[in-house]
Amino acid sequence: MTSQPPEGHDAAGKQEQGIDQYRRRFLVGLAKAGAAGGAVVASAAAVTSAPAQGAWGGSTLREMLGDFFQEQYTRMTPAEIEAALARIERKAKRKFGVDISCEDTPPLPGVVYGYALNISRCKGYRDCVDACVKENNLGRDSQVQYIRVLQMDNGTMNLERSEHYYDPATVPVEGKFYLPVQCMQCDNPPCVKACPVEATWQEPDGIVAIDYDWCIGCRYCMDACPYGARHFNWTEPQIPPDQLNRQTNYLGNRPRPKGVVEKCHFCTQRTRKGLQPACQDACPTGARIFGNLLDPNSEIRWVLANKKVFRLKEELGTEPKFWYFTD
Amino acid sequence: MPRMRKSASAAVLTTALVGVAALIAFAQESHRPLRSNGGDELPAPTEPTAFAGYTGAPEFSVVPRTDALTFYPCTACHSSLPQNPRPRLLAAAPHPAALPHGAGRFWCLDCHQLRDRDQLQLLSGTSVGFDASHEVCGQCHFRQHKDWHFGAHGKRVANWQGERQIYNCTHCHDPHDPATKPRQANPPPPVRAGLEPMPRHGKAHDDKPRWERAK
């Protein structure tokens, strides 16, 4: 399958054109030729195998090359983002057989998100965990859960002695309190500094986002995070297709590849549209308060001004935007 | 000498007496009974002003509650039943068998309006609807009521910006038994595929530090 790039001869003649651009054009041409050739193979394979498992693992060579040459999110042009979103939707269709909508929701102007959690209200029901798993398309059998509810002895603050596999008949247990921990969306995030490929960065609304397609899975960020908030998905997420959340977001809950790092993103797909995050929505005790830190009339600002608040490991200087408070 | 001193002291005493007498006369002159301070008409107590919320609290609406009440409107039965304000044991079906709220200090009509059973009442006797039940709760639980107004207690519905709608007290608390009950938690996180569950529920360390265990 040898094919000349369409304008390879002209490009090679022009010295001013960068070698990168030349190579890119060559590969695009190759991909076009490959798609044509692949279609023949696919039609032949369709006779024997399921349609979802055609040639190239259900994908075309062009699609695979599109994935391969996809830029980092912050450097993509709007057209490239559109193409990437369409690819994600097609991939989900192939994998789960359902139509999802993947959007690129921009951050709202004048908004920096903050979270406050009332530990005297939290009873350890883990309803937030359950809602988070469903909302964010986390694998049902994998160990990846963005929220970790720690059971702690009353009067102590030693995270090492906390227990998050607690499973008594009923909660709350006498003499214990519950401390849900998730990504703190630090204002000075150590994970961002640790990433060697700039696959994670801070958005203008304060959310520390991950480009799952740019992550190389080195897990340095997990090591850098003092809160254990980042999780590595070891397995392909197993989600029943009818339970897949079809409203997805590029930086949020879209179906993610195996072998990259994930974490709480304050439900980007919901909060950037003005909705509450899924964990707040699910909390039966009203312990969770979410809002805009820049709005002086917001509920979270009143909590920060009038309640006894603290942050986890504040001495590290990570400036978390996740506060805990008591009544 | 002693005589002179005596007359001088008498003069001082007389002056002091005259002064005290003048003071008493002045006080009697300026003193008026309390009632007459406000003019001729007697004080007329007005209807106590209703609680109008906290200054600076963001605007809100409360999620309607009456639609979710099974036996509402109460007047469906109570319009044909005689009014009996006497505290007694209520064994009839729609009423809660026990009233743990307040540990026996309460009787129905402390919160429910006798004249109109579709209304609640405040301690002042003012009627409030079931959708405004937070005003009834807030009379005692004023700290929670204030937190609730400002968003630190209770829960906001659906959105974090824009129109603020919050749940009423009675959405989460049974008004007749308000304490939240212990219940089963969602399952703990699964362990990684191929691994055994962690011994001792993942507690790697002993509960007590080493120097305390040595004792």
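Treat the numbers as computed from the prediction; the structure is a model and nothing was measured.

**Comments concerning the overall build of chain B**
Link 1 in the chain: Secondary structure assignment for chain B yields six helices and four strands.
Link 2 in the chain: Ordered by position from the N terminus, the helices and strands of chain B form the series α-β-α-β-β-α-α-β-α-α.
Link 3 in the chain: Residues counted as buried form 11% of the 215 residues belonging to chain B.
Link 4 in the chain: Put simply, 55% of the contacts in chain B that link residues at least 6 apart link residues at least 24 apart.

**Things to note about the overall build of chain A**
Link 1 in the chain: Scanning chain A from N- to C-terminus turns up ten helices and twelve strands.
Link 2 in the chain: Scored against the burial criterion, the 327 residues of chain A give a buried share of 40%.
Link 3 in the chain: When contacts within chain A are restricted to residue pairs at least 6 apart in sequence, long-range pairs at least 24 apart make up 63% of them.

**Thoughts on the confidence of the model for chain B**
Link 1 in the chain: Per-residue confidence for chain B gives a mean pLDDT of 81; residues scoring 70 or more make up 74%.
Link 2 in the chain: Interface scoring of the predicted complex returns ipTM 0.77; its pTM is 0.77.

**Concerning helix α4 (residues 142-150) of chain B**
Link 1 in the chain: Taken residue by residue, α4 of chain B has H145, D147, W148, H149 and F150 of chain B as its buried positions.
Link 2 in the chain: For α4 of chain B, the secondary structure elements touched by its buried residues are α10 (299-306) of chain A together with α3 (133-137) of chain B.
Link 3 in the chain: Backbone geometry just downstream of α4 of chain B places G151 of chain B in the positive-phi region, at approximately 100°.

**Some details on the interface of chain B and chain A**
Link 1 in the chain: Between chain B and chain A, the residue contacts involve 31 residues of the former and 38 residues of the latter.
Link 2 in the chain: The class makeup of the residues in the side of chain B that touches chain A is 14 nonpolar, twelve polar and five charged.

**Some thoughts on the nonpolar core**
Link 1 in the chain: By size, the foremost hydrophobic cluster in this structure holds 64 residues, and its most contacted members are A116, C128, C132, I147, A229, C279 and V303 of chain A.
Link 2 in the chain: A total of five residues in this core trace back to one element, the largest contributor, which is helix α5 (residues 127-135) of chain A.
Link 3 in the chain: Ranked by size, the runner-up nonpolar core spans six residues in total, among them F130, V136, C137 and C169 of chain B.

**Observations concerning the environment of C111 of chain B**
All names here are of chain B.
Link 1 in the chain: Tracing the chain through its elements places C111 in the loop between α2 (75-78) and β2 (119-121).
Link 2 in the chain: For C111, a count of 20 C-beta atoms within 10 Å puts it in the buried group.
Link 3 in the chain: Linking C111 and L122, residues eleven residues apart in sequence, is a C-alpha distance of 6.5 Å.
Link 4 in the chain: When near neighbours in sequence (up to four residues on either side) are disregarded, C111 contacts L120, Q121 and V136.

**Overview of unusual backbone geometry**
Link 1 in the chain: The omega torsion of the bond from V171 of chain A to P172 of chain A falls at -5°, within 30 degrees of zero and hence cis.
Link 2 in the chain: Mapped onto the elements, P172 of chain A comes out in the loop between β3 (148-153) and β4 (176-181).
Link 3 in the chain: Cis geometry marks the peptide bond from Y72 of chain B to P73 of chain B, where omega comes out at 0°.
Link 4 in the chain: Along the chain, P73 of chain B turns up in the loop between β1 (61-62) and α2.
Link 5 in the chain: Its identity as a non-glycine residue notwithstanding, N137 of chain A has a phi of 55°, on the positive side.
Link 6 in the chain: Relative to the assigned elements, N137 of chain A resides in the loop between α5 and β3.

**A short note on the environment of A86 of chain A**
Residue and element names in this part refer to chain A.
Link 1 in the chain: Mapped onto the elements, A86 comes out in helix α4 (residues 78-96).
Link 2 in the chain: A tally of 13 C-beta atoms within 10 Å means that A86 is categorised as partly exposed.
Link 3 in the chain: On a C-alpha basis, the gap between A86 and C102 in space is 7.6 Å, while along the polypeptide they are 16 residues apart.

**Points about the confidence of the model for chain A**
Residues and elements named next belong to chain A.
Link 1 in the chain: Mean pLDDT over chain A: 85, with 82% of residues reaching 70 or higher.
Link 2 in the chain: Contacts of residues 1-16 to residues separated by more than four positions or lying in other chains number 15 contacts, the stretch itself having pLDDT below 50.
Link 3 in the chain: Contacts of residues 37-55 to residues separated by more than four positions or lying in other chains number 16 contacts, the stretch itself having pLDDT below 50.

**Comments concerning the sheet that holds strand β12 (residues 322-326) of chain A**
All names here are of chain A.
Link 1 in the chain: Taken in spatial order, the four strands make up an open sheet running β10-β2-β12-β11, and their pairing is mixed. Edge positions in the sheet fall to β10 (288-292) and β11 (308-310), since each of these pairs with one other strand and no more. Across this sheet, the average inter-strand angle for adjacent strands is 30°, counted without regard to direction.
Link 2 in the chain: Of the strand pairs in this sheet, β11 and β12 are connected by three bridges, and their pairing is antiparallel. Residue pairing for β12: K308 is matched across the bridge by T326.
Link 3 in the chain: With respect to the sheet, α10 is in contact with β2 (113-118), β10, β11 and β12, its orientation differing from that of β10 by roughly 110°.

**Some points on the pairing of β12 of chain A**
Side-chain positions along a regular strand alternate between the two faces of the sheet.
Residues and elements named next belong to chain A.
Link 1 in the chain: With four of its five residues buried, β12 lies for the most part within the structure.
Link 2 in the chain: In the sheet, β2 pairs with β12 via four bridges, with the strands oriented parallel. When the sheet's bridge partners are listed, L117 is paired in β12 with Y324.

**A word on the environment of C102 of chain A**
Residues and elements named next belong to chain A.
Link 1 in the chain: Topologically, C102 is positioned in strand β1 (residues 101-103).
Link 2 in the chain: Along the backbone, C102 and I88 are 14 residues apart, and their C-alpha atoms lie at a distance of 7.1 Å.
Link 3 in the chain: The contact partners of C102, leaving out residues within four places of it in the chain, are L85, I88, E89, T248, N249, Y250 and R254.

About the thresholds
Residues numbered from 1 in each chain as written. Chains lettered and ligands numbered in written order. Predicted model: local features only at pLDDT ≥ 70, side-chain atom pairs only at ≥ 80, totals over all residues. Helix = DSSP H or I, 4+ residues; strand = E, 2+ residues; numbered from the N terminus. Buried ≥ 20, exposed ≤ 12 C-beta atoms within 10 Å, placed from the backbone. Contact = placed C-beta atoms within 7 Å. pLDDT = per-residue confidence, 0-100. Nonpolar A, V, L, I, M, F, W, Y, C, P; charged D, E, K, R; others polar. Core = buried A, V, L, I, M, F, W, Y, C linked by C-beta atoms within 7 Å. Pairing = 2+ DSSP bridges. Axes fitted to C-alpha atoms, helices over the stretch in contact; angles between N-to-C directions.

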